[in-house]
Amino acid sequence: MELFRNLFEGYPNLWGGGVAHSVLILSLVIAFGIMLGKIKVAGISLGVTWILFVGIVFGHFNLNLDEHLLHFLKEFGLILFVYSVGLQVGPGFFSAFKKGGFTLNLLAMMVVFLGVTITIILHFITGVPITTMVGILSGAVTNTPGLGAAQQANSDLNGIDAPEIALGYAVAYPLGVVGCILSLLALKYILRINTKTEEADAERGLGHLQELTVRPISLEIRNEAVEGKTIKEIKPLVNRDFVISRIRHCDGDRQTELVNSTTVFHIHDEILVIANPIDVEAITVFFGKQVNVEWDFQNKQLISRKILITKPELNGKTLAQLKIRNNFGASITRVNRSGVDLVATPNLQLQMGDRVKIVGSELAVAHAEKILGNSMKRLNHPNLIPIFLGIALGCILGSTPFLFPGIPQPVKLGLAGGPLIVSILISRFGPHYKLITYTTISANLMVREIGISLFLACVGLGAGKGFIETIINEGGYVWIAYGAIITLLPLLIVGIIGRYVYKLNYYTLIGVLSGATTNPPALAYSNDLTSCDAPAVGYATVYPLTMFLRVLTAQILILALA
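Per an unreviewed UniProt entry, the protein carries the name AspT/YidE/YbjL antiporter duplication domain protein and comes from Phocaeicola vulgatus str. 3975 RP4. Taken from UniProt, the Sequence similarities (unreviewed entry) comment for the protein reads in full: "Belongs to the AAE transporter (TC 2.A.81) family." Recorded in UniProt under Subcellular location (unreviewed entry), the annotation for the protein is "Cell membrane".

Participant: Describe in detail the overall build of the protein, supporting the description with residues and values.
Facilitator: Scanning the protein for helices and strands turns up 23 helices and 13 strands. Counting over 562 residues, the protein shows a buried share of 54%. Taking the intrachain contacts of the protein between residues at least 6 apart in sequence as the baseline, contacts between residues at least 24 apart amount to 79%. For the protein, the exposed surface amounts to about 25,000 Å²; the carbon and sulfur share of it is 62%.

Participant: How would you summarise the confidence of the model for the protein if you had to cite specific residues and measurements?
Facilitator: Across the protein, the average pLDDT comes to 78, with 81% of residues at 70 or higher. By mean pLDDT, helix 15 (residues 376-380) is the weakest element of the protein at 59, and helix 20 (residues 478-500) is the strongest at 91.

Participant: Can you lay out the pairing of strand 6 (residues 270-275) for me, pointing to particular residues and giving the numbers?
Facilitator: Judged by how many residues are buried, strand 6 sits mostly within the fold: six of six residues are covered. Side chains Glu 270, Leu 272 and Ile 274 project from strand 6 onto one buried face, and the interleaved Ile 271, Val 273 and Ala 275 project onto a second face that is buried too.

Participant: Give me the lowdown on the pattern of salt bridges, citing residues and values where you can.
Facilitator: Inspection of the entire model under this criterion finds two salt bridges. A salt bridge links Glu 220 to Arg 222; its shortest N-O distance comes to 2.9 Å. The class of Arg 222 is partly exposed, set by a relative accessible area of 41%. Across the pair Glu 270 and Arg 248 runs a salt bridge whose closest N-O atoms are separated by 2.3 Å. One end of the pair, Glu 270, is in strand 6; the other, Arg 248, is in strand 3 (residues 242-248), and 22 residues separate them in sequence.

Participant: Please provide a residue-by-residue account of the environment of Ile 25, values included.
Facilitator: Note that Ile 25 resides in helix 2 (residues 19-37). A sequence separation of 40 residues divides Ile 25 from Leu 65, and the C-alpha atoms of the two residues are 7.7 Å apart.

Participant: Describe unusual backbone geometry, naming the residues involved and giving the relevant values.
Facilitator: Despite not being glycine, Asn 239 shows a phi value in the positive range, around 60°. Here Asn 239 is to be found in the loop between helix 10 (231-238) and strand 3. At Lys 503, a position not held by glycine, the phi torsion is positive, near 55°. Structurally, the position occupied by Lys 503 is in the loop between helix 20 and helix 21 (506-516). In this structure Lys 503 comes out as exposed when scored by relative accessible area, which is 60%.

Parameters and conventions
- Every chain is numbered on its own, with residues counted from 1 as its sequence reads.
- Totals for whole chains, interfaces and linings use every residue, but because this is a predicted model, local features are given only for residues with pLDDT of at least 70 and side-chain atom pairs only at 80 or more, for both listing and counting.
- Each side-chain value is worked out from all heavy atoms of the structure, with water and hydrogens disregarded.
- UniProt positions are given in the numbering used here, feature names are shortened, and annotations may be inferred rather than shown by experiment.
- Helical segments are the DSSP runs of H or I of at least four residues, strand segments are the runs of E of at least two, and each set is numbered from the N terminus.
- Accessible area is worked out with a 1.4 Å probe on protein chains only. A residue is then buried under 20% of its type maximum, exposed over 50%, and partly exposed in between.
- Contacts are assigned to residue pairs that have any heavy atoms within 4.5 Å of one another.
- Each accessible area is a Shrake-Rupley estimate made with a 1.4 Å probe; only the visible protein chains count as cover when residues are assessed.
- Confidence scores per residue from the predictor, reported as pLDDT, run from 0 to 100.
- Salt bridges are defined by distance alone: a side-chain nitrogen of Lys or Arg within 4 Å of a carboxyl oxygen of Asp or Glu.

Now the structure itself:
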C-alpha cells in the first residue's frame, strides 16, 4: 500500500518525487486525456485538449510533479510541437501569399487582429488581468501555441508561471470549438448561400483558389499562328505557365502521343493542357476551343503514374535539370507538394517527398521511376540533423531580445516563436542548400502529438490547484461569455466582408475562417459539407501565417500590457 501511495504522491526523499512517480502521473494524464478525446458529441470532439482537463483534475487532487521538472517538460513539449508544425506548413508558407492567396491571408489577418482588439477592449472594460484575457483569447481561437507563447513571455517578464493563462484557456476552449462551427453555420443563412451553385463553382476551381490549384483541359487547335510551331516557340506567345502533356494529331491514324520539345503543332490537333484555372481562359482563347477527349482510352500504350521523389541528390534540382522527356520519353505533368498541385514548369525546384505525376510508356515510366526514387523505405528513415539543428537555432533566435518602439521591455520570440520561425525557414529554403528537411506525415505527426501531449499535461497539472476555486468563487464562469464574444464576432464580421467585398466562394470562405482560428474540428465540419477540396485548400493557405500571428500577438499582449 505504501508503494502505491508513493508512486502516486511521490517519494518524499527523491527530487521531483522520483522518476517512476513523474512518468506515471504524466502517462496517466496523457492516456486518459487521449481516451476521452475520442468521444464525440454531435460529431464534435475536443481531441487532445482533454489532456489539459485531465491534468487539471490530477492537479486539483495534488497528484503533481516537481515545479522545475514540470516547467522543463512543458517547454520541451512546446518546442517539439511548434517545430513540427513549422516543418509541416513551411513549404507552402511563402507561396500562400501569391495572387489569390494574398486575399485569403488578408481575411485571416482581419480575424486575428479583430480578436486581439476585442481582447484588449474587454481587458480595459472588465478589469480582468491581461494574462487571463490572453488565455481566454487562445482558448477562444483554439490555439495552443498561443497559450504556450503567452506563458513563455510572462515567465521571461516576471520570472514565474501564470496559472491564470491556462485557466482562461481551459474555460474558453470548448465553446471555441463549438462557436466556430456555429458561426460557419450562421453565415450560411446570413449570406443566403445556394449550396449547389457554390459547390459547382468550387468544383471548377473558380474564385480565389484559381492560382492555388491546377486543372487539366482538352483543347482543339484553331489558331493559325500555332501551325508548324514547337512548344518552345509557342510558350513566349502565350505568356502563361502551362504544360502540354499529350497530343492527338488530326492526320493519319490519329494516335495519341506525348509532347516533347520537337513536337510540331498543326491546326485541328487535340492537346491536353495542365494549367492554373485562372489561366485556362487565356490559354483556351490562344489555342482554339475546349473539347471533350477521353485521353486514357486513346492510346493503351501510355500510362500515368504518381511517383515519390525520394533520392536526396534530387533535392533542390529543377525539372529541366532532370531531362525526363529527352532521356526517357516520359512527361511530368504536375507536382503535388504538401497536398497542393503545382504546374510542372521547367524551373520548378523539387523537394524530397514531392509526388509527381508522370505520363509515358510503361518502360519509360519505369526508367523515370528509378531516377526519381519512389522508395517509401527511404522516406521512412527520419532526417534528424535538420530537426535538432533547427531546434538549437530556434532556441537561440527565441532567446534573442528585440527592441520595439512603445514597448519598454525587449521582446523575445520565445520558445514558441523562435523554433516556429526557424522550422518554417528551414523547410522552405533548406532544399536550395541541399539540406533534406522532409519528414513523413506519420513521423511529423508523432513528434507533434508527443509534444502537444507533454505540454498540455504539464499546463493542466500546473493549473489544477486553483481551477475550481477560480470558476466558482472568482467569477471564472463569466470568462465563457468573453470567450464566446472573441470567437463569434471576428468570424461573422470577416465572413460577411469576405463574401460581399471579396466575393469569396462559400466553401473557400469557411475553410479560411477555420484556418484563421486554427480549428481542426471546424475544418472537419467544413469538409463534411462538400465533396470538393475548397475548404481544405483555403485552410492550408492561411494556416501558416495565422499560426505565426497567433504566437506573436499573444506574446506582444503580455509584454505590452502585463
